[in-house]
Amino acid sequence: MAEISAQAVKALRDKTGVGIMECRAALIEAGGDEEKAIEILRKRGLAAAKRKEGRVTTEGIIGSYVHHGSKIGVLVEVNCETDFVARNPEFQQFVKDLAMHICAAEPRYIRKEDVPEDVLAKEREIAREQALADPKMAGKPEAVLERIIEGRLAKFYAETVLLEQPFIKDPTKTIYQLLAELIAKFGENIRIRRFTRYKLGEDSTLSAGSG
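Residues numbered from 1 in each chain as written. Predicted model: local features only at pLDDT ≥ 70, side-chain atom pairs only at ≥ 80, totals over all residues. Heavy atoms only, no water.

(A) Summary view of the sheet that holds strand S6 (residues 206-209). Reading across from one edge, S1-S2-S5-S6 is the order of the 4 strands in this open sheet, with antiparallel pairing throughout. The sheet terminates laterally at strand S1 (59-66) and S6, the two strands that pair on one side only. Between one strand and the next, the sheet's axes are offset by a mean angle of 10°, whatever the strand orientation. Sheet analysis places strand S2 (residues 72-80) next to strand S5 (residues 190-199), joined by 9 bridges and oriented antiparallel. (Pairing = 2+ DSSP bridges. Helix = DSSP H or I, 4+ residues; strand = E, 2+ residues; numbered from the N terminus. Axes fitted to C-alpha atoms, helices over the stretch in contact; angles between N-to-C directions.)

(B) Structural view of the packing of aromatic side chains. Under the criterion given, the structure shown has 1 aromatic pair. Between the aromatic rings of Phe 156 and Tyr 157, the centroid separation amounts to 5.9 Å while the plane-to-plane angle is 50°, which identifies the pairing as tilted. No difference in accessibility class separates Phe 156 from Tyr 157, as the two residues are buried. (Phe/Tyr/Trp six-rings, centres within 6.5 Å; stacked < 30°, edge-to-face > 60°. Buried < 20%, exposed > 50% of the residue type's maximum accessible area, 1.4 Å probe, protein only.)

(C) Quick peek at helix H7 (residues 142-160). If you check H7, its first and last C-alpha atoms are 27 Å apart, about what 19 residues at 1.5 Å a residue would give, namely 27 Å. Residues of H7 that are buried include every one of Leu 145, Ile 149, Leu 153, Phe 156, Tyr 157 and Thr 160, and no others. When H7 is viewed along its axis, its buried side chains cluster within an angular range of 120° and face the same direction. Exposed and oriented more than 90 degrees from the buried face of H7 are Arg 147 and Lys 155. Close packing links the buried residues of H7 with helix H6 (117-133). (Expected span 1.5 Å × (residues − 1). Arc of directions from axis to C-beta. Contact = heavy atoms within 4.5 Å.)

(D) Representation of the nonpolar core within the structure. With 28 residues, the main nonpolar core has Val 76, Val 78, Leu 98 and Ile 192 as its most contacted residues. Only S2, helix H4 (83-86), helix H5 (89-105), helix H8 (175-186) and S5 provide two or more residues apiece to this core. The dominant element in this core, judged by the number of residues it contributes, is H5, at 7 residues. Apart from the residues lying within four places of it in its own chain, the contact partners of Ile 192 are Val 76, Glu 77, Val 78, Leu 98, Ile 110, Arg 111, Leu 162, Leu 163, Ile 175 and Leu 179. Within the second largest apolar cluster, 13 residues are counted, among which are Val 119, Ala 131, Ile 149 and Leu 153. (Core = buried A, V, L, I, M, F, W, Y, C linked by side-chain atoms within 4.5 Å.)

Shown next, in the form of structure tokens:
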């Protein structure tokens, strides 16, 4: 087992915001490799986020972003469990970054489950037709065709679903991963409830969310 120094634990804690014991355990599991330890903590953060999804969120803030030139603007509501977290600068920065991301990335939905069945069916139909039109697909079994269709649907989600989109300031992470890391750090549920994106001159706005 690799020897884990206090300095290594502190450095990992400073980078991730995770507790000392969790950082030490991750470093031990990663054999002292900091990057591997960060990945381990991220994966555990995702699991922690899943466990907290059902918890009630009645606090939070509404963030805003107006693009240079004042022609595009975004309002986004992000909820948490306590006013303590809502007032935290890191939480507030996340909401600001999220509003900026929505302005640039133009998501249509917040989560996969929000995509209407008819929209999903249409995308699946288009993906199938495109795959069948490819000469390389001639004679391929149905299972191969289905994998290609699922791959194209994953791309559709990454383009239109907020939680599946790569974060514009760090494309190595999705919005869901950022959210999960924040949930793991604060130890309470955090939920992106709704957003509205306005564009000057357009009759309709782009909105998504739940009541």
